[in-house]
Structures are given as structure tokens and as C-alpha cells.
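Breakdown of the fold
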Amino acid sequence: MIFYAGGLGAVNPPVEAGSAAPANRLSAVSGAVRLRIGGVDAPVTFAGMAPGFVGLYQINAAVAEGTLPDASAP
């Protein structure tokens, strides 16, 4: 799954404020990113700036085995 977020902090290599993140090199978040789906930790394969966007972060993660659907969802 791909999630989009803001405010995840510094990235490496850095992207200049107000500039779009380049597509030819990924800028990953410097700190750890944890994502839980249905109360289960989802393995994060990438967290960093979304290529081609300004100030937008992208988190790529897999739904962990054993994650149950939300029974209250329609």
C-alpha cells in the first residue's frame, strides 16, 4: 500500500525547502517510521519524499499477515 503524509521530518539526501523531490534519487526519512494497520505493525519498505512533489512524504508498506479487516467498515 502507498500512504501519503506530511511532517515526517528530515530526509537523506536532503531536499531544498520549496523544491520538488527528485525522481532520480530517493530521499528517505532519517528517523524510523512505524505504521500500524488494524492494530498490527505493517512492514515499511520506504518512507521519504514523494518524487515530483513539494513537501509530500510517501510511505510504502505491506499489510502484515494476520491483519484482520475492520468489522465496523461497510
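Here's what I pulled together on the structure shown here.

Criteria and thresholds
Residues numbered from 1 in each chain as written. Predicted model: local features only at pLDDT ≥ 70, side-chain atom pairs only at ≥ 80, totals over all residues. Heavy atoms only, no water. Buried < 20%, exposed > 50% of the residue type's maximum accessible area, 1.4 Å probe, protein only. Helix = DSSP H or I, 4+ residues; strand = E, 2+ residues; numbered from the N terminus. Pairing = 2+ DSSP bridges. Contact = heavy atoms within 4.5 Å. Polar contact = N/O pair within 3.5 Å; in protein donor to acceptor, adjacent residues only side chain to side chain.

**Section: the pairing of strand β7 (residues 57–61)**
- For β7, a buried count of five out of five residues is recorded, marking the element as mostly surrounded by other parts of the structure.
- One ladder, built from four bridges, connects strand β1 (residues 2–5) with β7; its direction is antiparallel. Residue pairing for β7: Ile2 is matched across the bridge by Asn60.
- Across five bridges, strand β6 (residues 44–49) lies against β7 in antiparallel orientation. Residue pairing across strands places Met49 opposite Tyr57, the latter belonging to β7.

**Describing the side chain of Thr67**
- Structurally, Thr67 is set in the segment after β7.
- The residues contacting Thr67, other than those within four sequence positions of it, are Ile37, Gly38 and Val40.

**Quick look at unusual backbone geometry**
- Across the junction of Asn12 and Pro13, the peptide omega takes the value -5°, indicating a cis bond.
- Relative to the helices and strands, Pro13 is located in the loop between β2 (11–12) and β3 (28–29).

**Overview of the side chain of Asn60**
- If you trace the backbone, Asn60 turns up in strand β7.
- Judged by relative accessible area, Asn60 falls into the buried class, the value being 19%.
- Polar side-chain contacts of Asn60 include one of 2.8 Å to the side chain of Gln58.
- Once you skip the residues sitting within four places of it in the chain, Asn60 turns out to touch Met1, Ile2, Pro43, Val44, Thr45 and Phe46.

In short, the description is geometric, and any link to function would need to be established separately.
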